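The primary structure of each chain is shown beneath.
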Amino acid sequence: MFEKVTETILNVGVNDPDIKLFENQYDLPEGMAYNSYLIVDEKICLMDSVDADVTEEWLANIDAAIPGRSVDYVVVQHMEPDHSGSLLALIDKYPDIKIYTGQGAVMMMKQFFDRDLSDRINVVKEGDTLSLGSHSLSFIGAPMIHWPEVIMTWESSENVLFSADAFGKFGVREAEPDDWACEARRYYFNIVGKYGMQVQNVLKKLEGYTPAHICSLHGPVLPQNEELSFYLDKYKTWSAYLPEDEGVALIYASIHDQGTKQAALALKEMLEAKGIKVGMTNLTEDDIHEGVEDAFRYDRMILCASSYDADLFPPMTKFLNILKIKAYQKRKVALVENGSWAPSAARVMKSYIEGFKDVTLVEPVVTIKSTLKDADRPKLEELAAALG
């Protein structure tokens, strides 16, 4: 099956509802979409391939979209295996096909494929064009979004931006509009989040374009239920590391689901009583990457963690390492620690916080011993008030 973006641009990509993890780490409760677009003109051009797990279905979609015709060109915008994994199968099917891609991707093809493709490769650089007939493609460099070889492609006759991984989301494509922002946010911060400056640079390049559609390699063709400015504005906010919403990401890691969890639940109740929105993540049960999403979504964060081996309970260490890698910044953070004989969690968490850019530590740092007691609640109330 395929879907029409326009009368001459067709999405022949594949939904994979059965995949459970993306990049072997990100939960996919609703599967994943691998998009690939055909531009049908005097010459037929394909924008990227798909993951090797869905090759056969993808090739069948191409056959259904252009019965009796061949693909003349393929543009390789991104060499990650979920988008290049079926490229050799495409070449086998269409032996005369020509590849258009950037120099960085050429180098990666030599690493990914044990086959010499040099006789069919045309290297493009920023501003180069490719005519298909009535359609004309021009290429836009998009390095480090989120790999160094990435290019985007502008089709000028129908004003369509092929955006590589940008503006993508987790989940399969839906026939009806869904909540793009939720899974696009989790996708952005966990995969692209480190490269905010590079995203800002590409957004500046795109200011000269007025797309009718944005065609990402994951998720739906945009717009869905919003104007394109909605999606562009989200990327401007996310890439500048600015809080998207007022509220508190309350992240906790409790060894026995007792004292530390009790403190986190008490804080949630106190904050919500003040009218503050709270997004809570239990790092030992919930998807850690949902916690990362909330950490970047809200303007404040509370970390509640148990001490462990005179250090920090490992699930919280993992969470803070992800925030460090993804350049967490421009927020207010509060700390709650628990320890039965020598509390150490706050010291370790503070060492991470001090390494983050433009992050303010909110006092007081609250320490509880083993379980939450009535005598601990005033300190928690003081912390809730300071955050409010």
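On a predicted model such as this, the values are computed, not experimentally measured, just so you know. Counting restarts for each chain, with residues numbered from 1 along the sequence as it is written. In view of the model being predicted, local features appear only for residues whose pLDDT reaches at least 70, and side-chain atom pairs are presented and counted only at 80 or more, with totals across whole chains, interfaces and linings using the full set of residues. As a convention, hydrogens and water are excluded, and side-chain values are obtained from all of the structure's heavy atoms.

S.K.: Can you break down the environment of T55 residue by residue, with the values?
M.R.: Each helix is a run of H or I in the DSSP string that is no shorter than four residues. Each strand is a run of E no shorter than two, and both are numbered from the N terminus. Relative to the helices and strands, T55 is located in helix 1 (residues 55-65). The sequence separation of T55 and G85 amounts to 30 residues, and the corresponding C-alpha distance is 8.1 Å. Any two residues whose heavy atoms approach within 4.5 Å are treated as being in contact. Dropping the residues within four chain positions of it, T55 is found in contact with S86 and A89. Polar contacts involving the side chain of T55 include one to the side chain of S86, which spans 2.6 Å. Distance and chemistry together define a polar contact, namely a pair of N or O atoms within 3.5 Å, with one atom able to donate a hydrogen and the other to accept it when in protein, and with adjacent residues in sequence counting only for side-chain atoms on both sides.

S.K.: Explain the pairing of strand 21 (residues 329-338) residue by residue, including any values.
M.R.: Exposed residues in this analysis have more than 50% of their type's maximum accessible area, buried residues have under 20%, and partly exposed residues fall in between, with area computed by a 1.4 Å probe over protein chains only. In terms of residue burial, strand 21 counts as a mostly covered element, since 8 of its 10 residues are buried. A strand pair is defined by DSSP finding two or more bridges across the two strands. The pairing of strand 19 (residues 298-308) with strand 21 spans 7 bridges and is classified as parallel. The partner of R300 across the bridge, within strand 21, is K332. In terms of strand pairing, strand 21 meets strand 22 (residues 357-368) through 8 bridges, oriented parallel. From the neighbouring strand, V336 faces strand 22, where its bridge partner is V366. Here, the term right-handed applies to a crossover whose path from the first strand over the helix to the second runs clockwise when the strands point away from the viewer. You can see the chain leave strand 21, run along helix 11 (residues 345-353) and come back into strand 22, and the turn it takes is right-handed.

S.K.: Please set out empty space enclosed by the protein residue by residue, giving values where relevant.
M.R.: Using only the protein atoms, space was sampled on a 1 Å grid; points where a 1.4 Å probe fits but cannot get out form cavities, open sets with protein on both sides within 12 Å along at least five of seven lines form pockets, and lining residues are those with an atom within 4 Å of a point. Grid points are joined across faces, edges and corners, and a volume is the space filled by probe spheres set on the points. Counted by the stated rule, this structure contains 1 cavity of 30 Å³ or more. As a volume, the largest cavity reaches approximately 40 Å³. The wall of the largest cavity is formed by I145, M152, A166, F167, V199, V202, L203, L206 and Y235. The leading source of residues in the lining of the largest cavity is helix 6 (residues 196-206), at 4 residues.

S.K.: Help me get a handle on helix 8 (residues 259-273), residues and values and all.
M.R.: Its 15 residues give helix 8 an end-to-end C-alpha distance of 21 Å, which sits within 8% of 21 Å, the value for a rise of 1.5 Å per residue. Of all the positions in helix 8, only G259, T260, A263, A264, A266, L267, M270 and L271 are classed as buried. Down the axis of helix 8, the smallest arc covering the buried residues is 165°, so these residues share one side. Opposite the buried face of helix 8, at more than 90 degrees from it, the exposed residues are E269 and A273. Next to the buried residues of helix 8 lie strand 17 (245-253), strand 18 (278-282), strand 19, strand 21, strand 22 and helix 12 (377-387). Directly after helix 8, the chain includes G275, whose backbone phi takes a positive value near 80°. How far a helix is expected to stretch is found by multiplying one less than its residue total by 1.5 Å. Along the arc lie the directions from the helix axis toward the C-beta atoms.

S.K.: Explain unusual backbone geometry to me, using residue names and the numbers behind them.
M.R.: Of the consecutive residues I145 and H146, the connecting peptide bond is found in the cis state with omega at 0°. Relative to the helices and strands, H146 is located in the loop between strand 13 (136-141) and strand 14 (151-155). With omega at 5°, the peptide bond leading from L222 into P223 counts as cis. Within the secondary structure, P223 sits in the loop between strand 16 (213-215) and helix 7 (228-239). Although it is not a glycine, M144 sits at a positive phi angle of roughly 65°.

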